[in-house]
Amino acid sequence: MIFSAAAKRSFDVLVVGSGASGGWAAKRLAEAGLKVAILEAGRPQSDNNFTEHQPQFELKYRNMAHEIIRKTRPVQSVFDVCSEYNYDWFCNDIEEPYTTPKDQPFLWMGRVRMVGGRTNVWGRVSLRFSDWDFKAASHDGFGEDWPITYADIAPYYDIVEKYIGVTGMAEGLEELPDGQFQPPMPLTCQETLFRNRVNKKMGRTVTLARSANLSRPLNGRGACHFCGPCERGCMTHSYFNSAFTTVPDAVSSGNCILITNAMVHKVLVDPQNNRVNGVLYVDRNTKKATEVRARVVILCAQAQESVRILLNSATPRHPTGLANSSEALGHYLTAHVRSAGGSGELPAAGNTPTLGGPIKPVGIYIPRFRNTKKGPASKNFLRGYGYEGDARVDFNWEAPGFGAAYKKAVREPRAIMDITGFGEVLPRWENFVEIDPAVKDIYGIPVLKIHMADSANEAAMIKDIGESAGEMLEAAGAKNIHTYAKPSAPRWALHEAGIARMGSNAKTSVLNQFQQTHDIDNLFVMDASSFTSNPCQNPTLTIMALCVRSCDHLMEEMKRGNLLYNF
Ligand SMILES: Cc1cc2nc3c(=O)[nH]c(=O)nc-3n(C[C@H](O)[C@H](O)[C@H](O)COP(=O)(O)OP(=O)(O)OC[C@H]3O[C@@H](n4cnc5c(N)ncnc54)[C@H](O)[C@@H]3O)c2cc1C
Ligand code: SF4
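The model shown is predicted, which means the values in this text are computed figures rather than measured ones.

Visitor: Just checking my understanding: could you explain the site of ligand 1 for this structure?
Guide: Surrounding ligand 1, one finds 38 residues, the nearest of these being Ser21, Glu40, Gly123, Val264 and Thr540. Take Gly117: an N or O atom from its main chain is 3.3 Å from an oxygen atom of ligand 1. Note that an oxygen atom of ligand 1 is positioned 3.1 Å from one of the backbone N or O atoms of Arg124. Bound to the protein, ligand 1 loses 96% of the 990 Å² it would expose on its own.

In structure tokens form, the structure reads like this:
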């Protein structure tokens with residue numbers, strides 16, 4: 001949907017980005033009656049683009065010509081979710097580059113340029129944070145506490161989970177609060193065995209990875225039919241993707257328009273009164289620059305992209321970037337480490353391998369057990385990590401030999417349990433993003449330079465993740481155990497956060513607890529850049545819950561007569 005007339009109109013609220021956060025902001029505000037425009041850099045998404053049922057042999061290059069994809073997406077294609085099926089959903093790395101210092105490589109993957117943003121291709125694991133996370137600084141003395149408690153956000157987790165649909169098992173854990181779950185998808189025999197043995201021998205919980213895949217129909221969306229590759233779309237809309245949920249809800253309210261191919265360059269500031277009054281965007285097809293006006297601007301473009309917009313919006317009054325009187329903007333970059341784990345062989349338990357599926361799109365999750373109230377403290381690092389994993393019976397693809405003996409050996413079932421750690425990275429001032437004054441993208445917009453290096457804390461945590469993976473696989477009775485613990489770049493987890501952080505002190509943070517900038521009251525940033533720290537649980541459920549809470553605050557303010565500026 002492209003509404004070219006938008007440029008001539010003005011709105012109550014502009015939402016930049018249509019992914020996890022932008023979709024929710026638009027839905028919440030438009031359904032309540034506010035006039036909203038979503039400005040989305042990507043193309044419209046449609047069921048016609050979905051290829052989850054298309055076999056590889058139907059593709060031009062059989063999904064085997066990775067070099068061809070690498071020519072335009074050398075960074076995006078490092079992660080195999082970007083494949084011949086969907087590579088044109090991702091940004092062209094040559095046209096939209098970023099830079100890093102030579103000795104600090106950072107792979108900024110998952111830069112999707114479609115309506116729905118990263119929710120088109122995400123892994124869907126949806127976990128709550130707890131006060132163990134929000135008040136982590138009080139527990140261990142590092143960094144700052146969040147300006148909210150679990151009780152503040154819990155009702156919004158409920159709203160989001162009930163709408164997106166999360167399959168999960170209640171476990172009653174303080175560090176991983178239960179939610180509003182759909183019935184759990186079953187664990188495989190090997191996952192059940194692993195759950196039971198690890199719990200019995202080590203007292204640790206292994207649970208179904210709480211995941212935004214429907215086990216029951218919801219709001220016209222079908223239950224998941226276990227076809228497998230959700231990152232290629234889903235015709236039955238059985239996983240959560242804002243392209244077929246929140247964004248169409250917002251548009252069908254009659255109060256929201258979606259402007260696609262709109263690459264926002266900067267937020268516009270009224271020099272008379274220090275308020276923002278719109279944005280300037282570049283149409284990706286025509287390269288024409290256009291201004292759109294509104295009473296309120298909400299950035300939801302993904303953490304680095306939103307901060308890039310703020311830094312590019314500097315004015316004489318805000319010389320180091322908009323809303324940056326604290327000088328914290330761009331600093332405290334965090335991104336999960338995901339470079340350690342392990343695998344081992346479990347009994348096939350009578351299961352036979354098949355090429356035809358079904359393929360359960362949800363595995364297991366091992367919640368954080370280090371540095372919690374009950375779990376053992378680590379002398380070597382602060383905070384903690386969880387694991388994602390799965391086990392299913394497969395063919396013995398690595399069988400040696402040839403001929404009839406090889407064919408027989410390949411059919412021998414093998415059940416591999418694989419677990420990968422996701423670890424919290426401490427928010428440190430030295431990890432930051434800035435504008436690279438020497439480089440622009442093809443739209444003429446200055447790009448980011450990303451500075452990120454691991455500290456001793458991450459190095460010690462990564463080592464522990466590898467060792468603990470081995471211990472748990474051993475406790476489960478796995479054979480042929482293999483563990484690994486590598487330095488953390490590249491940042492496979494794609495969970496970047498923290499560069500416009502929330503805080504109660506305007507001198508040390510960019511946003512207040514409602515993701516409203518301390519400096520400019522009608523400017524909000526509702527993606528993960530607002531996180532005060534980046535707990536090891538996957539971030540998106542919290543991104544969405546915070547966004548809904550902040551939108552409700554915004555509307556309360558308007559009801560009180562605030563934020564109703566004319567422009
Ligand atoms: C492969 C993969 C697996 C993941 N797995 C998980 C998981 O299991 N669990 C989890 O919690 N999280 C996961 N994530 C992360 C999750 O997808 C993100 O946390 C979430 O989508 C972020 O929401 P967002 O609204 O900030 O950004 P996005 O969802 O990325 O949306 C941002 C949108 O803004 C648009 N945009 C960017 N710049 C501009 C601009 N200048 N002007 C206009 N529009 C702009 C983009 O095109 C995009 O559509 C995964 C991510 C990837 C890539
Ligand atoms: S596995 Fe389920 S959610 Fe994923 S694409 Fe298939 S039907 Fe959709």
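Visitor: Explanation requested: the site of ligand 2 in the structure shown.
Guide: As a structural note, the neighbourhood of ligand 2 is formed by Asn213, Cys224, His225, Cys227, Gly228, Cys230, Gly233, Cys234, Ser238, Tyr239 and Pro361. Counting atoms within 2 Å of the grid points, the majority share of ligand 2 lands in the largest cavity. For the shell around ligand 2, the per-class residue count stands at 6 nonpolar, 5 polar and no charged.

Visitor: Would you explain the packing of aromatic side chains in this entry?
Guide: Centre-to-centre distance and the angle between the planes together describe a pair of aromatic rings. As enumerated under the stated definition, the model contains 18 aromatic pairs in all. Here the aromatic rings of Trp24 and Tyr163 are separated by 5.0 Å at their centres, their planes lie at 70°, and the arrangement is edge-to-face. With a gap of 139 residues between them, Trp24 in helix 1 (residues 20–31) and Tyr163 in helix 5 (residues 150–164) connect regions that are remote in the sequence. Classification of Trp24 by relative accessible area gives buried; the value is 2%. On the numbers, 5.7 Å between centres and 80° between planes, the contact of Tyr239 with Phe244 is edge-to-face. Counting every residue linked through ring pairs, the aromatic cluster contains Phe50, Trp89, Tyr239 and Phe244. A cation over a ring is seen here: Arg204 above Phe369, with NZ or CZ 3.7 Å from the ring centre. Arg501 extends its terminal NZ or CZ atom over the ring of Tyr332, reaching a point 3.7 Å from the ring centre.

Visitor: Just to check I follow, could you spell out the environment of Thr334 for this structure?
Guide: The residue Thr334 is located in strand 10 (residues 334–335) in this model. Separated by 92 residues in the primary sequence, Thr334 and Leu426 place their C-alpha atoms 6.7 Å from one another. Contacts of Thr334, omitting those with residues within four sequence positions, involve Val425, Leu426, Pro427, Met452, His495, Glu496, Ala497 and Asn534.

Visitor: Which parts of the structure should I look at to understand the sheet that holds strand 14 (residues 414–423)?
Guide: The pairing of strands in a sheet comes from backbone hydrogen bonds and takes either a parallel or an antiparallel form. The 6 strands lie next to each other as 5-12-13-14-11-17, forming an open sheet whose pairing is antiparallel. Sheet topology places strand 5 (207–208) and strand 17 (479–485) at the edges, where each strand pairs with a single neighbour. Strand direction decides the pairing type here: strand 13 (residues 385–394) and strand 14, joined by 10 bridges, are antiparallel. Within strand 14, the position partnered with Arg392 by the bridge is Ile416.

Visitor: Explanation requested: the packing of helix 1 against helix 5 in the structure shown.
Guide: Two quantities define a packed helix pair, namely the angle between the axes and the distance from one axis to the other. Look at helix 1 against helix 5: their axes get within 13 Å of each other, and the N-to-C directions meet at 100°. The angle between helix 1 and helix 5 places the two elements in the roughly perpendicular class. From helix 1, Trp24, Lys27 and Arg28 reach across to helix 5, where they touch Ile159, Val160, Tyr163 and Ile164. Here the contact of helix 1 with helix 5 is composed, by residue class, of 5 nonpolar, no polar and 2 charged.

Visitor: Explain the side chain of Arg221 here, please?
Guide: The residue Arg221 is located in the loop between strand 5 and helix 7 (246–252) in this model. Here Arg221 is in contact with Tyr163, Ile164, Leu214, Thr236, His237, Ser238, Tyr239, Phe240 and Thr245, once residues within four sequence places are set aside.

Visitor: Explanation requested: empty space enclosed by the protein in the structure shown.
Guide: Take a probe with the size of a water molecule and roll it over the atoms, and the empty space left behind shows itself. Following the criterion strictly, the structure yields 3 cavities of 30 Å³ or more and no others. One number sums up the size of the largest cavity: a volume of about 90 Å³. As for the largest cavity, its lining consists of 13 residues, of which Cys224, Cys227, Cys230, Cys234 and Ser238 are closest to the centre. Taken together, the residues of the lining of the largest cavity sort by class into 8 nonpolar, 5 polar and no charged. Of the volumes computed, that of the second largest cavity is approximately 60 Å³. Forming the boundary of the second largest cavity are Asp270, Asn273, Arg275, Val276, Asn277, Ala294, Arg295, Asn522, Tyr565, Asn566 and Phe567. Elements represented by at least two residues in the lining of the second largest cavity include exactly strand 8 (275–283) and strand 9 (289–299). Top contributing element to the lining of the second largest cavity by residue count: strand 8, with 3 residues.

Visitor: Could you clarify how one ought to interpret the environment of Thr372 in this entry?
Guide: Tracing the backbone shows Thr372 in the loop between strand 12 (364–366) and strand 13. In this structure the C-alpha to C-alpha distance between Thr372 and Asp93, which are 279 residues apart in sequence, comes to 40 Å. Those residues in contact with Thr372 that sit more than four places away from it in its chain are Trp132 and Glu175.

Visitor: Help me out: how do you make sense of the layout of surface pockets in this one?
Guide: For the second largest pocket, the calculated volume is near 700 Å³. If you trace the second largest pocket, you find 21 residues lining it, with Thr354, Gly357, Pro358, Ile359 and Arg392 closest to the centre. Ranked by residue count, the leading element in the lining of the second largest pocket is strand 13, at 3 residues.

Visitor: Would you mind going over helix 1 with me for this structure?
Guide: In an α-helix there are 3.6 residues to a turn, and that puts residues three or four apart on one side. With 12 residues, helix 1 should cover 16 Å at 1.5 Å per step; its first-to-last C-alpha distance of 17 Å lies within 8% of that length. Counting buried positions over the 12 residues of helix 1 gives 10, a clear majority of the element. Residues Ala20, Ser21, Gly22, Gly23, Trp24, Ala25, Ala26, Lys27, Leu29 and Ala30 constitute the buried set of helix 1. A positive phi of about 110° marks Gly33, the residue just after helix 1.

Here is what the cut-offs are and how they apply
Residues numbered from 1 in each chain as written. Chains lettered and ligands numbered in written order. Predicted model: local features only at pLDDT ≥ 70, side-chain atom pairs only at ≥ 80, totals over all residues. Heavy atoms only, no water. Near = heavy atom within 4 Å. Polar contact = N/O pair within 3.5 Å; in protein donor to acceptor, adjacent residues only side chain to side chain. Areas by Shrake-Rupley, 256 points an atom, 1.4 Å probe, with all protein chains shown as cover. 1 Å grid on protein atoms, 1.4 Å probe; cavity = no way out; pocket = protein on both sides within 12 Å on 5 of 7 lines; lining within 4 Å. Sits in = over half its atoms within 2 Å of the grid points. Nonpolar A, V, L, I, M, F, W, Y, C, P; charged D, E, K, R; others polar. Phe/Tyr/Trp six-rings, centres within 6.5 Å; stacked < 30°, edge-to-face > 60°. Helix = DSSP H or I, 4+ residues; strand = E, 2+ residues; numbered from the N terminus. Buried < 20%, exposed > 50% of the residue type's maximum accessible area, 1.4 Å probe, protein only. Lys NZ or Arg CZ within 6 Å of the ring centre and 35° of its normal. Contact = heavy atoms within 4.5 Å. Pairing = 2+ DSSP bridges. Axes fitted to C-alpha atoms, helices over the stretch in contact; angles between N-to-C directions. Parallel < 35°, antiparallel > 145°, perpendicular 65-115°, else oblique. Points joined across faces, edges and corners; volume = space filled by probe spheres on them. Expected span 1.5 Å × (residues − 1).

Interpretation note: all reported values are geometric properties and have no functional meaning in isolation.
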